[in-house]
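# Inside the fold
Chain by chain, the residues:
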Amino acid sequence: MELLSPYRRRIDDLDDQIMELFSQRFEVIREVAELKNKHNIPAVLQDRVDEVRERNAETGAKKGLDADFVRKLYTLIIDEACDLEDHLMGNKE
């Protein structure tokens, strides 16, 4: 549908930006995993996990997003980040 084309392009552009940001976020996670491994810090720090999830739920709500949706989204992101850290730190195969 030609009518939707400009919107689809905008969504695709935003998705590309989101993927770039995810790539950057996970690069930082790789750096953190190296630092945690060097200093014998556990991969999962539950207080930080909770803080990140709730901070983003609150920020999302302020921007008109459903806080529960943001919590679910960040649960997936954080779980993937923790799995990556575990793997990089030699805790998982």
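Each remark here, short or long, concerns the structure printed above.
Residues numbered from 1 in each chain as written. Predicted model: local features only at pLDDT ≥ 70, side-chain atom pairs only at ≥ 80, totals over all residues. Heavy atoms only, no water.

Among the nonpolar cores identified, the biggest contains eight residues, and these are Val49, Val52, Ala57, Val70, Tyr74, Ile77, Ile78 and Cys82. Here this core takes five residues from helix α3 (residues 67-88), the largest share from any one element. Once residues lying within four places of it in the same chain are set aside, the contact partners of Cys82 are Val44 and Val49. (Core = buried A, V, L, I, M, F, W, Y, C linked by side-chain atoms within 4.5 Å. Buried < 20%, exposed > 50% of the residue type's maximum accessible area, 1.4 Å probe, protein only. Helix = DSSP H or I, 4+ residues; strand = E, 2+ residues; numbered from the N terminus. Contact = heavy atoms within 4.5 Å.)

Across all of its chains, the model carries seven salt bridges by this definition. Here Glu27 and Arg30 are joined by a salt bridge, their closest N and O atoms 3.9 Å apart. Of this pair, Glu27 and Arg30 both sit in helix α1 (residues 5-38), three residues apart, which is roughly one turn of the helix. The exposure class assigned to Glu27 is partly exposed, which follows from its relative accessible area of 40%. In this structure, the salt-bridge partner of Arg53 is Asp50, at a minimum N-O distance of 3.2 Å. Residue Arg53 and its partner Asp50 are located together in helix α2 (residues 46-62), separated by three residues, close to a single helical turn. The exposure class assigned to Asp50 is partly exposed, which follows from its relative accessible area of 34%. (Salt bridge = Lys/Arg side-chain N within 4 Å of Asp/Glu carboxyl O.)

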